[in-house]
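# Per-entry structural report
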Amino acid sequence: MTTAVEQVLRNQQDAWNRHDLEGFMAGYWNSPDLTFFSGAQRTSGWQGAIDRYRKVYQGEGKEMGQLEFSILRIESLSPETAFVRGQWHLKMSDGKTPHGLFTLVFRKFPEGWKIVHDHTSAE
């Protein structure tokens, strides 16, 4: 389980760094019941999450930068669920380095492990 969940995150990191937002979103549950919390905002559903990412990172004058996940702590909650804590770091072309923390809830589906809840903070 731990290796499979970590692989989802590595695949997301690689997709992000190729500027492949759809590939990044493949790690999320494609459902209207997906929840994404960032700051004081709640986004519902896979479509809402990808729309938010497009606005923040692919809108006019925006960039995705280079993503790195670190300090991953993956815990099994059951054979079909996992809880993940970690840090994210972006390296932008202007030298800025946005970063923060995240907690994720994964669920195992027939097609593999998917994020069903994401709570991300930024510093």
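See the structure shown above.
Residue positions are given per chain, counted from 1 along the sequence in the order it is written. Whole-chain, interface and lining totals are the exception, using all residues; otherwise, since this is a predicted model, local features are given only for residues with pLDDT of at least 70 and side-chain atom pairs are given and counted only at 80 or more. For side-chain calculations, the full set of non-hydrogen atoms in the structure is used, while hydrogens and water are omitted.

### So, helix α3 (residues 46-57)
Put simply, the test is: Starting at the N terminus, helices and strands are each numbered in turn, a helix being any DSSP run of H or I of at least four residues and a strand any DSSP run of E of at least two. To estimate how far a helix should extend, the number of its residues minus one is multiplied by 1.5 Å. The contact rule is simple, with two residues in contact once any of their heavy atoms fall within 4.5 Å.
Spanning 12 residues, α3 covers 16 Å between terminal C-alpha atoms, matching the ideal 16 Å at 1.5 Å per step. Looking at the buried side of α3, the elements it contacts are α1 (2-17), α2 (21-25), β1 (35-38), β2 (41-44), β4 (81-91) and β6 (112-120).

### Things to note about the sheet that holds β2
Either a parallel or an antiparallel arrangement is found when strands of a sheet pair, and the pairing is made through backbone hydrogen bonds. Put simply, the rule is: By the convention used here, strands pair only if DSSP detects at least 2 bridges between them. Comment: axis = line fitted to C-alpha atoms, over the contacting stretch for helices; angle = value between 0 and 180 degrees taken between N-to-C directions.
Pairing is mixed across the open sheet formed by 6 strands, whose spatial order is β2-β1-β6-β5-β4-β3. The sheet is open, and its two edges are formed by β2 and β3 (66-78), each paired on a single side. The average angle at which neighbouring strand axes cross in this sheet is 25 degrees, direction not considered. Pairing of β1 with β2 involves 4 bridges; the strand directions are antiparallel. Bridged to Phe 37 within β2 is Arg 42. Across the sheet, α1 is in contact with β3, β4, β5 (99-109) and β6; its angle to β3 comes to roughly 160 degrees. Packing of α3 onto the sheet brings it into contact with β1, β2, β4 and β6, and relative to β2 it is tilted by some 125 degrees.

### Some thoughts on unusual backbone geometry
The condition is simple: Each residue is assigned to one of three classes by its accessible area relative to the maximum for its type, calculated with a 1.4 Å probe on protein chains only: buried under 20%, partly exposed between the two thresholds, exposed over 50%.
Phi at His 19 is positive, roughly 60 degrees, even though this residue is not glycine. Along the chain, His 19 turns up in the loop between α1 and α2. Phi angles above zero are rare outside glycine, and Ile 71 is one such case at about 45 degrees. Note on placement: Ile 71 falls in strand β3. For Ile 71, a relative accessible area of 61% translates into the label exposed.

### As for α1
What counts is decided by this rule: The directions from the helix axis to the C-beta atoms are what the arc is built from.
With 16 residues, α1 extends 23 Å from end C-alpha to end C-alpha; this agrees with the ideal 22 Å at 1.5 Å per step. Within α1, the full set of buried residues consists of Val 5, Val 8, Leu 9, Gln 12, Gln 13, Ala 15 and Trp 16. Taken around the axis of α1, the buried residues stretch over an arc of 170 degrees, which confines them to a single face. Check the buried side of α1 and you find it contacts α2, α3, β3, β4, β5 and β6.

### Overview of the nonpolar core
Heads up, the condition is: The term nonpolar core refers to a set of buried residues drawn from Ala, Val, Leu, Ile, Met, Phe, Trp, Tyr and Cys, joined through side-chain atoms within 4.5 Å.
Trp 16, Phe 24, Met 25, Tyr 28, Tyr 53, Val 84 and Phe 106 are the most contacted members of the largest nonpolar core, which has 30 residues in total. Elements with a contribution of two residues or more to this core: α1, α2, α3, β3, β4, β5 and β6. Look past the residues within four positions of Val 84 in its chain and what remains in contact with it is Val 5, Leu 9, Leu 72, Arg 73, Ile 74, Phe 102, Thr 103, Leu 104 and Phe 106.

### Brief notes about the environment of Ile 74
Within the secondary structure, Ile 74 sits in strand β3. For Ile 74, a relative accessible area of 17% gives the class buried. In the structure, Ile 74 is positioned 25 residues away from Ala 49 in sequence and 23 Å away in space, judged by C-alpha atoms. Residues in contact with Ile 74, not counting those within four places in the same chain, are Met 1, Thr 2, Val 5, Glu 6, Phe 83 and Val 84.

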